[in-house]
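The residues making up each chain are set out below.
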Amino acid sequence: KLKNLISAVWSKENLISLLEQLNSSKDAESRDRKIRQEIKKLTNNEVVASGPAILEYLISICFYQISNERIQLERLVESLDENGLPTYHEKGRMPDIKFDYKSRSYICEVTLQNDDGQRKMEAEPVPRHLANHIFDNNNDAICFFIAPKLDPNNLVVLRAYKKMPWYGANDNVVSSMNIFPLELKDLINCLKKEDSFESILERVELLIESKETDGYKWYKNEIEPAFK
């Protein structure tokens, strides 16, 4: 049902339109109501999910589209109703989204929080979810962190884990973590330009190894220009 919905409804054009609406909305209640109305127009079905769950769902499908349907969709979207629409936002120790592509494991954390609220709500769970994913899967996963607008102080914290350890249970340690921040407009640009998934991931790999340790400067001077 979800694959049929993607073929019929979730074109790159429709994804871009909804992401742009999510990107421009300020009032959460009004934003959620308008997005649910738009989804009902497109699918002829009600969606009960809140804004965070809808964003998670749309970004999952964006990755699926950008990868030319090479990602296993079952691992991207797990909380769906009988119509293939989202129901709730994943909480707890699990990442919002996870997928494998070729030899690399990826997770994605998404938020609608902006400004200092973003740092308060995301600076701890994002690296924790990535560290737990690495502990559980014994790999060197990359985490995408996506928000409408990235908070400078949150960027500083997340980038710091490139050089800082994370200590888990039973003396487990992750000595370095790769957290790659993007704003919604950057993802929208990827959809508009129709870059290949390989070229995007190659760009990510190169930027991750930058010598810049200030996360805000790293995003503004290197990542943002690379995704314009």
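Keep in mind that what you see is a predicted model, and the values were worked out from it rather than measured.

Caption draft 1: Structural view of the pattern of salt bridges. Taken as a whole and assessed by the stated rule, the structure comprises 18 salt bridges. The residue lysine 192 makes a salt bridge to glutamate 20 at a minimum N-O spacing of 3.2 Å. You can see lysine 192 sitting in helix α9 (residues 184–193) and its partner glutamate 20 sitting in helix α2 (residues 12–24), a full 172 residues away along the chain. We classify lysine 192 as partly exposed; its relative accessible area is 49%. Given the relative accessible area of 35%, glutamate 20 is considered partly exposed. Across the salt bridge formed by arginine 31 and aspartate 32, the nearest N and O atoms sit 2.9 Å from each other. No difference in accessibility class separates arginine 31 from aspartate 32, as the two residues are buried. Among the ionic contacts, a cluster of salt bridges with common partners joins Glu183, Lys185, Asp186, Lys220 and Glu224.

Caption draft 2: Region of interest: the pairing of strand β1 (residues 97–101). Counted residue by residue, β1 has four buried out of five residues, so it is predominantly covered. Summarising the sheet, β1 and strand β2 (residues 104–110) pair through five bridges and their orientation is antiparallel. If you follow lysine 98 over to β2, its bridge partner there is isoleucine 107. Linkage of β1 to β2, two consecutive antiparallel strands, is achieved through a turn of two residues, within which lysine 102 is found at a positive phi near 55°.

Caption draft 3: Structural view of the side chain of asparagine 178. Along the chain, the position of asparagine 178 falls in strand β6 (residues 178–183). A relative accessible area of 14% places asparagine 178 in the buried class. Side-chain polar atoms of asparagine 178 contact the side chain of lysine 162, separated by 2.8 Å. Aside from chain neighbours lying at most four places away, what touches asparagine 178 is Leu130, Ala141, Ile142, Cys143, Lys162 and Ile208.

Rules behind the numbers
Residues numbered from 1 in each chain as written. Predicted model: local features only at pLDDT ≥ 70, side-chain atom pairs only at ≥ 80, totals over all residues. Heavy atoms only, no water. Salt bridge = Lys/Arg side-chain N within 4 Å of Asp/Glu carboxyl O. Helix = DSSP H or I, 4+ residues; strand = E, 2+ residues; numbered from the N terminus. Buried < 20%, exposed > 50% of the residue type's maximum accessible area, 1.4 Å probe, protein only. Pairing = 2+ DSSP bridges. Polar contact = N/O pair within 3.5 Å; in protein donor to acceptor, adjacent residues only side chain to side chain. Contact = heavy atoms within 4.5 Å.

Purely geometric numbers; function is a separate question.
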